[in-house]
Amino acid sequence: MTKADIVNEIAKNTGVDKASVLATVESFMEVVKESLAEKENVYLRGFGSFIVKKRAQKTARNISKNTTIIIPEHNIPAFKPAKSFVNQVKE
């Protein structure tokens, strides 16, 4: 399902015009991205959590040059679904 599909589905279910729904969805995504960029988790009860995970420093290999490189510690965004959401998908 794409963002356009989500906008169409919400507009059909709520009766709100697509332009308003699109603006709302894009605003939601922007707020989530900004929060995660500031290392602040986003919790949506019954849906899940957008969290920031810390990856430890590690060594990797560049096989074309046959050298070892060090990948520094960094943060990545992740999504952890709520238990009710997981159970609904399982059924």
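Anything mentioned here points back to the structure above.
Counting restarts for each chain: residues are numbered from 1 in the order of the written sequence. In keeping with the predicted nature of the model, local features appear solely for residues at pLDDT of at least 70, side-chain atom pairs appear and are counted solely at 80 or more, and the whole-chain, interface and lining totals rest on all residues. Working from all heavy atoms in the structure, the side-chain values ignore hydrogens and water.

### Considering the overall build of the protein
- Secondary structure elements follow DSSP: runs of H or I of four or more residues count as helices, runs of E of two or more count as strands, with numbering from the N terminus. In terms of helices and strands, the protein carries three helices and five strands.
- Radius of gyration: over C-alpha atoms. The globule rule applied is 2.2 Å multiplied by the number of residues raised to the 0.38 power. By the compact-globule yardstick of 12 Å for 91 residues, the protein is too spread out, its C-alpha radius of gyration being 19 Å.
- Along the three orthogonal principal directions, the C-alpha set of the protein runs to about 60 × 30 × 25 Å.
- Looking at the protein residue by residue over its 91 residues, the buried ones come to 15%.
- Any pair of residues with heavy atoms lying within 4.5 Å of one another is described as a contacting pair. For the protein, the proportion of contacts with a sequence separation of at least 24, taken over those separated by at least 6, is 30%.
- Computed over 15 positive and 10 negative side-chain charges, the inter-centroid distance for the protein is 12 Å. Residue exposure (1.4 Å probe, protein chains only): buried if accessible area is under 20% of the type maximum, exposed if over 50%, otherwise partly exposed. Counted as positive: Lys and Arg. Counted as negative: Asp and Glu. His and the chain ends are not counted at all. Charge placement uses NZ in Lys and CZ in Arg. For Asp and Glu, CG and CD serve respectively.

### Side note on the pattern of salt bridges
- Here, a salt bridge means any side-chain nitrogen of Lys or Arg that lies within 4 Å of a carboxyl oxygen of Asp or Glu. As enumerated under the stated definition, the model contains four salt bridges in all.
- Residue Lys33 pairs with Glu30 through a salt bridge whose shortest N-O separation is 3.8 Å. With a gap of three residues between them, Lys33 and Glu30 both fall in helix H2 (residues 18–37), about one helical turn apart.
- Given a relative accessible area of 37%, Glu30 falls into the partly exposed group.
- Linking Lys54 and Glu73 is a salt bridge whose minimum nitrogen-to-oxygen distance equals 3.9 Å.

### Some details on the side chain of Ser35
- As for its placement among the helices and strands, Ser35 is situated in helix H2.
- Leave out the neighbours within four places in its chain, and Ser35 touches Glu40 and Val42.

### Brief notes about a nonpolar patch on the surface
- There is a patch of nonpolar side chains on the surface, built from Met1, Ile6 and Ile10 and spanning about 300 Å² of accessible area.
- In this fold, Ile6 is placed in helix H1 (residues 3–14). For patch detection, residues must exceed 30% relative accessible area and be free of salt bridges, and they are connected within 9 Å for like charges or within 5 Å for nonpolar side chains (Val, Leu, Ile, Met, Phe, Trp, Tyr). Areas reported as accessible are Shrake-Rupley estimates using a 1.4 Å probe. Residue values count occlusion only from the protein chains shown.

### Some points on the environment of Gln88
- Relative to the helices and strands, Gln88 is located in helix H3 (residues 83–90).
- Distance in space between the C-alpha atoms of Gln88 and Lys54 is 29 Å, their sequence separation being 34 residues.

### Here we look at the packing of aromatic side chains
- Think of it this way: a Phe, Tyr or Trp ring, Trp meaning its six-membered ring, pairs with another when their centres are within 6.5 Å, and the plane angle makes it stacked under 30 degrees, edge-to-face over 60, tilted otherwise. One pass over the structure, following the stated rule, counts four aromatic pairs.
- Here the aromatic rings of Phe79 and Phe85 are separated by 6.5 Å at their centres, their planes lie at 75 degrees, and the arrangement is edge-to-face.
- Exposure remark for Phe79: the relative accessible area of 33% places this residue in the partly exposed category.
- Members of the aromatic cluster, joined through ring pairs, are Phe47, Phe50, Phe79 and Phe85.

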